[in-house]
Amino acid sequence: MLFCLICTDKPNALDLRLANRDAHLKYWGEAACVKIGGPFTNDEATVMNGSMLVIDVESRAAAEKLVENDPYNKAGLFAHTDVRAWKWLLGPKE
């Protein structure tokens, strides 16, 4: 089942994001469930300020557990995290 993870960084948290970025990328790479993902940015694409991932897992509980153990989340980067069931409709699936 697909879930969209929408995570919003706390204000002025770029240094915290950068300090945990390698661990975050390794974590999701090893999870082997990400279909698409990347950071939200400001309009000039110069500052990352959140994350969006679409993951394929068995259940909401599995998605929430992955978010809970994300190094960004463990470091306290996110002000808000939204886990939403998602249906792929447009665009190539692979």
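Look above for the structure.
Presented here is an overview of the structure given in this document.

## Topic: the sheet that holds strand β1 (residues 2-9)
Reading across from one edge, β2-β3-β1-β4 is the order of the four strands in this open sheet, with antiparallel pairing throughout. Looking at which strands have only one partner, the edges of the open sheet turn out to be β2 (34-41) and β4 (78-85). Pairs of neighbouring strands in the sheet enclose a mean axial angle of 15 degrees, with direction left out of account. Where β1 meets β4, seven bridges bridge the pair, whose relative direction is antiparallel. Bridge assignment links Thr 8 to a residue of β4, and that residue is His 80.

## Remarks on helix α2 (residues 60-69)
Considered for burial, the residues of α2 that qualify are Ala 63, Leu 66 and Val 67. One face of α2 carries all of its buried residues, which in axial projection span an arc of 100 degrees. Of the exposed residues in α2, those oriented more than 90 degrees away from the buried face are Ala 61, Lys 65 and Glu 68. Tucked inside the fold, the buried residues of α2 contact β1, α1 (14-31), β3 (48-56), α3 (71-74) and β4.

What counts, and where the lines are drawn
- Residues numbered from 1 in each chain as written.
- Predicted model: local features only at pLDDT ≥ 70, side-chain atom pairs only at ≥ 80, totals over all residues.
- Heavy atoms only, no water.
- Pairing = 2+ DSSP bridges.
- Helix = DSSP H or I, 4+ residues; strand = E, 2+ residues; numbered from the N terminus.
- Axes fitted to C-alpha atoms, helices over the stretch in contact; angles between N-to-C directions.
- Buried < 20%, exposed > 50% of the residue type's maximum accessible area, 1.4 Å probe, protein only.
- Arc of directions from axis to C-beta.
- Contact = heavy atoms within 4.5 Å.

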